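Summary of the model geometry
Here's the letter readout for the chains.
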Amino acid sequence: MFDWLNAISRRLAHFLVHVPLYVAGPAMILIGALDSSLLSLPEVNDYLVMARCYTHPRTVYFFPMFAAIGSVLGCSLLYTILRRGGQAVLHRRFRIDLVLRVERAYARFGILALAVPALLPPPMPFKIFVATAGALQFPRRRFLLTILVARSLRYYIEGTLAVFYGERVGRFLKDNGLLIISVVAGLCLIALAAYLLSSRGRAAVARGKEES
């Protein structure tokens, strides 16, 4: 993590920890929305949620939801921009080879192509999946619900772990981010393979081929 990002995280965490909840909640929503749309502050949201929950353990029941709501709002803005701009805007914003990989992921894995990046901590890229969902006109309701569920699960897990283990959680996520991504992605692929091999999965694939 860059030094300037560390400084921003510390100052924001100090602010959110010491201000009343009626200020910290809206501030967390705003920070989450900006990070998921116009800005790029990797790990900051996770750090802020953990800092608040560690300092005020009772807020673990609801504070992670502020971060999740902010993320949904920011993702919705980015989704809308790309939905209107289409493939042309997407290709100007991201490398074409990366866009093609994400498009193939959507074609192959469907909703998991969005849910897994939303659930995993950095360094897993995320905005390109949101932008591609907009350019591909992924159903809006399904998109927003997926983001809300995945982000809520992520922040609630981090907040709960922070209550019990404190700052060690942040260090663990930073040092083992790639390992976590690999393990979760592997589990998702195993679950997907098991589904496709089941009778229900084969029936769904058959229906998809008939519709196409």
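1. Describing the overall build of the protein
- A count of helical and extended segments in the protein gives 11 helices and 0 strands.
- Secondary structure elements in the protein, listed N-terminal to C-terminal, are α-α-α-α-α-α-α-α-α-α-α.
- Here the protein holds 212 residues, and 42% of them are scored as buried.
- Partitioning the contacts of the protein with sequence separation of at least 6, the portion at a separation of at least 24 is 77%.

2. Observations regarding the pattern of salt bridges
- The full count for this structure, using the stated rule, is 3 salt bridges.
- Where Arg 154 meets Asp 46, a salt bridge forms, and the shortest distance between an N and an O atom there is 2.8 Å. Here Asp 46 lies in helix α3 (residues 44–55) and Arg 154 lies in helix α8 (residues 140–165), a separation of 108 residues in the sequence. With respect to burial, Arg 154 and Asp 46 carry one shared label: buried.

3. Here we look at the packing of aromatic side chains
- For the coordinates displayed, the defined rule picks out 3 aromatic pairs.
- Their ring planes at 80° and their centres at 5.8 Å tell us that Phe 63 and Phe 66 sit as a pair that is edge-to-face. Here Phe 63 pairs with Phe 66, and both are found in helix α4 (residues 63–93), just 3 residues apart, close to one helical turn.
- With relative accessibility at 0%, the residue Phe 63 sits in the buried group.
- Ring centres 5.7 Å apart and planes at 50° place the aromatic pair Tyr 106 and Phe 138 in the tilted group. Here Phe 138 lies in the loop between α7 (127–135) and α8 and Tyr 106 lies in helix α5 (residues 96–109), a separation of 32 residues in the sequence.
- Tyr 106 gets classed as buried once you look at its relative accessible area, which sits at 8%.
- Overall, the relative accessible area of 11% leaves Phe 138 in the buried class.
- Looking at Arg 52, its charged tip hangs above the ring of Phe 63, at a distance of 5.8 Å from the centre.

4. Remarks on α8
- Look at α8: 37 Å from first C-alpha to last across 26 residues, which is about the 38 Å you get at 1.5 Å a residue.
- With its phi angle positive at about 65°, Gly 166 sits one or two positions after the end of α8.

What counts, and at which threshold
Residues numbered from 1 in each chain as written. Predicted model: local features only at pLDDT ≥ 70, side-chain atom pairs only at ≥ 80, totals over all residues. Heavy atoms only, no water. Helix = DSSP H or I, 4+ residues; strand = E, 2+ residues; numbered from the N terminus. Buried < 20%, exposed > 50% of the residue type's maximum accessible area, 1.4 Å probe, protein only. Contact = heavy atoms within 4.5 Å. Salt bridge = Lys/Arg side-chain N within 4 Å of Asp/Glu carboxyl O. Phe/Tyr/Trp six-rings, centres within 6.5 Å; stacked < 30°, edge-to-face > 60°. Lys NZ or Arg CZ within 6 Å of the ring centre and 35° of its normal. Expected span 1.5 Å × (residues − 1).

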